[in-house]
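# Remarks on the overall topology
Each chain is listed here by its residues.
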Amino acid sequence: DAGVIQSPRHEVTEMGQEVTLRCKPISGHNSLFWYRQTMMRGLELLIYFNNNVPIDDSGMPEDRFSAKMPNASFSTLKIQPSEPRDSAVYFCATQSLEQHLHFGNGTRLTVT
Amino acid sequence: AQSVAQPEDQVNVAEGNPLTVKCTYSVSGNPYLFWYVQYPNRGLQFLLKYITGDNLVKGSYGFEAEFNKSQTSFHLKKPSALVSDSALYFCAVRPRPSGNTPLVFGKGTRLSVIA
């Protein structure tokens, strides 16, 4: 089991550019969560999916953020246009039947 | 609303000494309780959980936690700290019945074990 796979590990982009973060969940996990972590705000839940359906996106900070889960093996988080305040580490996590989360190693986003 | 409090931003302990990282929660009913650890440049890793049964839960790397319903606490403990235990620790709660509702995380406690 390779765990939750996120790509890229690091992304550096200029303000105004589109950024797409990718997540491959653990096979068989039916819930997927996107988190953002910063020093100032800690760990924030952005959005989560159950069975590929978005359930709660109230944590998405602005309309510039969007997330999709077209199938059970892939999810994306997109920021368009990106801004310097979006700089953070973005985590994808999936949930097993045992009720605990499995996290990917994150994507460190830097927007200059 | 559910909430988790980790009252200490930082805990320092000497290697070989016992360690405690505190966590209290506010949620209706009996929740599921979790501890996660985060090492630098890594995602959070599951350490242990309380679902039901014995109030003392044993987890990975020699860690344990005790569910105390009257004090609504779930403190993380280890009898003898190692330098390699230095990391960021998160307590989390999910109310039951839970379905697939998200965990509510505390803000984290940074543990520093000094040789």
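The structure displayed is predicted, hence computed values, not measured ones.

### Re unusual backbone geometry
Of the consecutive residues Ser 7 of chain A and Pro 8 of chain A, the connecting peptide bond is found in the cis state with omega at -10°. Note that the residue after Gln 80 of chain A, namely Pro 81 of chain A, is joined by a cis bond; omega there is -5°. Relative to the elements of secondary structure, Pro 81 of chain A occurs in the loop between strand E8 (74–79) and strand E9 (88–95). Located in the positive-phi region is Tyr 61 of chain B, a residue other than glycine, with phi close to 55°. In this structure, Tyr 61 of chain B sits in the loop between strand E7 (56–58) and strand E8 (64–68). Given the relative accessible area of 49%, Tyr 61 of chain B is considered partly exposed. Its identity as a non-glycine residue notwithstanding, Thr 72 of chain B has a phi of 45°, on the positive side. When you line up the elements, Thr 72 of chain B lands in the loop between E8 and strand E9 (73–78).

### Observations regarding the packing of aromatic side chains
For the structure on display, the rule yields 14 aromatic pairs over all chains. Residues Phe 63 of chain B and Tyr 89 of chain B carry aromatic rings whose centres are separated by 5.5 Å and whose planes lie at 45° to one another, so their mutual orientation is tilted. Of the two residues, Phe 63 of chain B is situated in the loop between E7 and E8 and Tyr 89 of chain B in strand E10 (residues 87–94); the sequence distance between them amounts to 26 residues. No difference in accessibility class separates Phe 63 of chain B from Tyr 89 of chain B, as the two residues are buried. Cluster of aromatic residues (ring-pair linked, three or more members): Phe 33, Tyr 35, Tyr 48, Phe 91 and Phe 103 of chain A together with Phe 34, Tyr 36, Phe 46, Phe 90 and Phe 105 of chain B.

### What to know about the interface of chain A and chain B
Facing 20 residues of chain A, the contacting portion of chain B comprises 20 residues. Carbon and sulfur atoms make up 48% of the surface buried where chain A meets chain B, a total of about 1,600 Å² over both sides. Taken as a group, Gln 99, His 100 and Phe 103 of chain A account for 30% of the area that chain A buries against chain B, more than any other trio of residues on that side. The tally of links between chain A and chain B comes to 0 salt bridges. Counting the contacts that link chain A with chain B gives 7 residue pairs in polar contact (both at pLDDT 80 or more). Partitioning the side of chain A that touches chain B into residue classes produces 8 nonpolar, 9 polar and 3 charged.

### Side note on the nonpolar core
One recurring pattern in soluble globular proteins is that nonpolar side chains are buried together. One finds Trp 35, Leu 47, Leu 48, Phe 74, Leu 76 and Tyr 89 of chain B to be the most contacted residues of the largest nonpolar core, which totals 28 residues. Among the secondary structure elements, those contributing two or more residues to this core are strand E2 (10–14), strand E3 (19–21), strand E5 (32–38), strand E6 (44–50), E8, E9, E10 and strand E12 (109–114) of chain B. The element that contributes the greatest number of residues to this core is E10 of chain B, accounting for 4 residues. Non-local contacts of Leu 48 of chain B, meaning those with residues more than four positions away in its chain, are made with Leu 33, Phe 34, Trp 35, Val 57, Lys 58, Gly 59, Phe 63, Glu 64, Ala 65, Phe 74 and Leu 76 of chain B. Membership of the second largest hydrophobic core comes to 21 residues, among which are Val 19, Cys 23, Trp 34 and Phe 49 of chain A.

### Re the side chain of Arg 94 of chain B
Mapping Arg 94 of chain B onto the fold places it in strand E10. Assessed through its relative accessible area of 0%, Arg 94 of chain B is described here as buried. In terms of polar contacts, Arg 94 of chain B uses its side chain to reach the side chain of Gln 95 of chain A, at 2.7 Å. In this view, Arg 94 of chain B contacts Gln 95 and Gln 99 of chain A together with Pro 31, Tyr 32, Phe 34, Thr 101, Pro 102 and Leu 103 of chain B; residues no more than four positions away in its chain are not counted.

### Digging into the state of the cysteines
What we call a disulfide is simply a covalent bond connecting the sulfur atoms of a pair of cysteines. In the structure shown here, the tally under the stated rule is 2 disulfides over all chains. In this model Cys 23 of chain A forms its disulfide with Cys 92 of chain A; the gap between the sulfur atoms is 1.9 Å. Disulfide Cys 23 of chain A-Cys 92 of chain A: torsion about the S-S bond near -65°, hence left-handed. Remark: Cys 92 of chain A occurs in strand E9 and Cys 23 of chain A occurs in strand E3 (residues 19–24); sequence separation between them is 69 residues. Here Cys 23 of chain B engages in a disulfide with Cys 91 of chain B; their sulfurs sit 2.0 Å apart.

Scoring rules and cut-offs
- Sequence order as written defines the numbering, with residues in each chain counted from 1.
- Written order decides the labels, with chains lettered from A and ligands numbered from 1.
- Residue-level local features of this predicted model are given only where pLDDT is at least 70; pairs of side-chain atoms are given and counted only at 80 or more, and the full residue set underlies all totals for whole chains, interfaces and linings.
- Just so you know, side-chain values use all the structure's heavy atoms and leave hydrogens and water out.
- Put simply, DSSP marks the helices as runs of H or I at least four residues long and the strands as runs of E at least two long, and each gets a number from the N terminus on.
- Residue exposure (1.4 Å probe, protein chains only): buried if accessible area is under 20% of the type maximum, exposed if over 50%, otherwise partly exposed.
- Working definition: a ring pair exists when centres of Phe, Tyr or Trp rings (six-membered ring for Trp) sit within 6.5 Å. Plane angles under 30 degrees give stacked, over 60 give edge-to-face, the rest tilted.
- Working rule for contacts: check all heavy atoms of both residues, and any pair within 4.5 Å makes them a contact.
- Each of two parts loses accessible area, computed with a 1.4 Å probe, when they are put together; buried area is these two losses added.
- In what follows, salt bridge is the name for a side-chain nitrogen of Lys or Arg lying within 4 Å of a carboxyl oxygen of Asp or Glu.
- As used in this structure description, the phrase polar contact means that two N or O atoms lie within 3.5 Å; if the pair is within protein, one of them must be able to donate a hydrogen and the other to accept it, and residues adjacent in sequence are counted only when both atoms belong to side chains.
- Residues are grouped as follows: nonpolar covers Ala, Val, Leu, Ile, Met, Phe, Trp, Tyr, Cys and Pro; charged covers Asp, Glu, Lys and Arg; every other residue, Gly included, is treated as polar.
- We call a set of buried residues a nonpolar core when its members are Ala, Val, Leu, Ile, Met, Phe, Trp, Tyr or Cys and they connect through side-chain atoms within 4.5 Å of each other.
- Throughout, disulfides are identified as pairs of cysteine sulfur atoms within 2.5 Å of each other.

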